[in-house]
Amino acid sequence: TIGNPIAGARLTGKLAPADSVAAIYAVDELSDDGAGGSEYAQVSIVRYKRGLKGDSYLGGFYTGREEGDAFNRVFGGDGALRLTRAGTLGFYAFGSSTRPHGEDAADGHSVLANYTHDNRNLFLYLQALDISQGFDTWTGYLTRAGVFQTSAMVQPRLYPKSTVLRRIEPVFIA
């Protein structure tokens, strides 16, 4: 998070018709009078995205926050691939390396894969997520580390021959 910037720069643009890049750099004044021996934090965020056929894409990014001897760096890739007209595979894999003031560095990961199928007769969503205990980010929001979860949602769409009920959509979640 950039809380009290004193200087910064932003760059966005297209490298080619399918390739885009965005970057932010800021010098952030620290509010706690130089914790860890520094009055300022340096924040860098870089995002690259490659558009593929249709609405599919692959991307990568890096975020970093350096505060004297402390740092947090997050890097990884993500994407969404249209498999069929109704089916999409989404994913990301992030790694982090963090060293708080006066402590040892710790590494972690966050990995997610999901599949969505959506057509006239059925909505289906399947997901698996793993966030290791050591994963951390100082430039974003993380609700909780040390989590592994899977989830599923199935929603059939039924069209009865009725003038009163046009469509029934029961939802099953696991």
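Residues numbered from 1 in each chain as written. Predicted model: local features only at pLDDT ≥ 70, side-chain atom pairs only at ≥ 80, totals over all residues. Heavy atoms only, no water.

Student: Please explain the sheet that holds strand β1 (residues 5-16) as it appears in this structure.
Tutor: The pairing of strands in a sheet comes from backbone hydrogen bonds and takes either a parallel or an antiparallel form. Ordered in space as β1-β2-β3-β4-β5-β6-β7-β8-β9-β10, the 10 strands form an open sheet in which the pairing is antiparallel. What marks the edges here is a single partner per strand, and that holds for β1 and β10 (172-173). Pairing of strand β5 (residues 70-82) with strand β6 (residues 87-99) involves 12 bridges; the strand directions are antiparallel. In the sheet register, Phe75 faces β6, and the bridge partner there is Gly95. (Pairing = 2+ DSSP bridges. Helix = DSSP H or I, 4+ residues; strand = E, 2+ residues; numbered from the N terminus.)

Student: For this particular structure, what's the right way to read the pairing of β6?
Tutor: The side chains of a regular strand alternate, residue by residue, between the two faces of the sheet. Here β5 hands over to β6 after four residues, the two strands then running antiparallel side by side. Connecting β6 to the antiparallel partner strand β7 (residues 106-118) that follows it, the hairpin turn spans six residues, and Gly102 within it adopts a positive phi of roughly 70°.

Student: Can you walk me through the pairing of strand β9 (residues 147-156) in this structure?
Tutor: By the bridge criterion, 10 bridges tie strand β8 (residues 122-131) to β9 in an arrangement that is antiparallel. Within β9, the residue paired with Ala128 across the bridge is Thr150. Where β9 and β10 come together, two bridges link them in antiparallel fashion. Looking at β10, one finds that Met153 is bridged to Ile173.

Student: I'm lost on the packing of aromatic side chains in this one. Help?
Tutor: Geometrically, a pair of aromatic rings is defined through the distance of the ring centres and the angle of the planes. One pass over the structure, following the stated rule, counts two aromatic pairs. Judged by centre distance (4.8 Å) and plane angle (85°), the ring pair of Phe61 and Phe94 falls under edge-to-face. Of this pair, Phe61 sits in strand β4 (residues 57-67) while Phe94 is found in strand β6, placing the two residues 33 residues apart along the sequence. With centroids separated by 4.2 Å and ring planes inclined at 5°, the aromatic side chains of Tyr92 and Phe94 adopt a geometry described as stacked. Of the aromatic side chains, those joined through ring pairs into one cluster are Phe61, Tyr92 and Phe94. Over the ring of Tyr57 we find Lys49, and its NZ or CZ is 4.5 Å from the ring centre. The side chain of Arg73 reaches across the aromatic face of Phe71, ending 3.8 Å from its centre. (Phe/Tyr/Trp six-rings, centres within 6.5 Å; stacked < 30°, edge-to-face > 60°. Lys NZ or Arg CZ within 6 Å of the ring centre and 35° of its normal.)

Student: Just checking my understanding: could you explain the layout of surface pockets for this structure?
Tutor: Unoccupied space between atoms shows up once a probe the size of one water molecule is rolled over them. In this structure, the largest pocket spans a volume of roughly 220 Å³. Lining the largest pocket are 14 residues, with Phe94, Phe135, Thr137, Tyr141 and Leu142 positioned closest to its centre. Elements represented by at least two residues in the lining of the largest pocket include exactly β4, β6 and β8. Among the residues forming the lining of the largest pocket, the class breakdown is nine nonpolar, five polar and no charged. (1 Å grid on protein atoms, 1.4 Å probe; cavity = no way out; pocket = protein on both sides within 12 Å on 5 of 7 lines; lining within 4 Å. Points joined across faces, edges and corners; volume = space filled by probe spheres on them. Nonpolar A, V, L, I, M, F, W, Y, C, P; charged D, E, K, R; others polar.)

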